[in-house]
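Spelled out, the chains give:
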Amino acid sequence: GNEKFLIIGNNYTDDYAPCFASGDGYYTGYYYIDNVQLFPMPTQTVYFDTAVCKGQSVTIDVSNYINEPQNAVLTYIWEDGFVGNIRTITTEGTWPIVIQNGCISDTLYVGLHFLYDCPESFIEVNAFSPNNDGINDVFHFDMENTTVNSLTIYDRWGKNIFSSFDKNPAWTGNIDGKKAPIGMYEYVVEFTSNISEKQEIKTGTITLIR
């Protein structure tokens, strides 16, 4: 439970102390206790370790790895000051978390390790059809273990009609909220290899059809 103290003793004066009857009269009664022992509750030290391709992340709910009563109110304090049981980890290393339930503290160690031999791919498409049929409706890149940093689209006269610095951006085929004309467009994409962290720039053309 949540008990923190145990007081042993008699808080009554002799006039009000418990009494018992014995043959020739009544006597004040006391219990003499000499075998009280205090045992610390066992603490848990749990280790969670996983490996992912470099550049990927892991979202973990550390409450799934701690054995506590359902009615326990727990506090999760990470080594870097983050408070909470759910967190997305993107940095390689070991993350200690102190878990407190009001009586004792448990410790959980979360380890994230990167794999450096994961395959990389960056697939470019040359046409798309934004007609809302659910098939190839947006212009984007199929990637594995690579990250797009920026995408710029130019029309045939070299005018910038779309720019995005989102991760894994996509062009819907619109210009200022209106449908772009059918035809060929040029793109410039900047991406990074998650394994080598090398940045590259590719240019190419994309055909918009409807």
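Residues numbered from 1 in each chain as written. Predicted model: local features only at pLDDT ≥ 70, side-chain atom pairs only at ≥ 80, totals over all residues. Heavy atoms only, no water.

Engineer: Sorry if this is basic, but what is going on with the side chain of Thr 192 here?
Structural biologist: Its place among the elements puts Thr 192 in strand S16 (residues 183-193). Since its relative accessible area comes to 14%, Thr 192 is described here as buried. Discounting chain neighbours no more than four positions away, the residues touching Thr 192 are Thr 146, Thr 147, Asn 149, Glu 197, Lys 198 and Gln 199. (Helix = DSSP H or I, 4+ residues; strand = E, 2+ residues; numbered from the N terminus. Buried < 20%, exposed > 50% of the residue type's maximum accessible area, 1.4 Å probe, protein only. Contact = heavy atoms within 4.5 Å.)

Engineer: What is the right way to read the pairing of strand S8 (residues 105-115) from this model?
Structural biologist: Of the pairings in the sheet, the one linking strand S3 (residues 45-53) to S8 comprises nine bridges and is parallel in character. Bridge pairing in S8 links Asp 49 to Gly 111. Taken together, the eight bridges between strand S7 (residues 93-100) and S8 define a ladder with antiparallel strand orientation. Following the sheet pairing, Thr 94 is matched in S8 by Gly 111. Between S7 and S8, which pair antiparallel in sequence order, lie four residues; one of them, Gly 102, sits at a positive phi of approximately 95°. (Pairing = 2+ DSSP bridges.)

Engineer: Just checking my understanding: could you explain the state of the cysteines for this structure?
Structural biologist: Evaluated as defined, the whole model comprises one disulfide. Shown here is the disulfide that connects Cys 53 with Cys 118, its sulfur atoms set 2.0 Å apart. The sign of the S-S torsion, about -90°, decides the handedness of the disulfide formed by Cys 53 and Cys 118: left-handed. Taken as a pair, Cys 53 in strand S3 and Cys 118 in the loop between S8 and strand S9 (121-123) lie far apart in primary sequence, 65 residues in all. On the basis of relative accessibility, which here comes to 14%, the residue Cys 53 falls in the buried class. (Disulfide = S-S within 2.5 Å.)

Engineer: Sorry if this is basic, but what is going on with the sheet that holds strand S5 (residues 75-78) here?
Structural biologist: Each strand in a sheet pairs with its neighbour through backbone hydrogen bonds, running either in the same direction (parallel) or in the opposite one (antiparallel). Read across the open sheet, the four strands follow the order S3-S8-S7-S5; overall the sheet is mixed. The open sheet is flanked by S3 and S5, the only strands paired with a single partner. Going from strand to strand, the sheet's axes swing by 20° on average, the running direction of each strand aside. Bridge count for S5 against S7 is four bridges, and the pairing is antiparallel. Bridging from a neighbouring strand, Tyr 76 pairs with Ile 99 of S7. (Axes fitted to C-alpha atoms, helices over the stretch in contact; angles between N-to-C directions.)

Engineer: Even after reading the chapter, I still don't get the sheet that holds strand S17 (residues 199-208), so can you show me in this structure?
Structural biologist: Reading across from one edge, S10-S17-S16-S12-S13 is the order of the five strands in this open sheet, with mixed pairing throughout. Of all strands in the sheet, those bounded by a partner on one side alone are strand S10 (127-128) and strand S13 (160-164). In this structure, S10 lies alongside S17, joined through two bridges in parallel fashion. Note on S17: the bridge partner recorded for Phe 128 is Leu 208.

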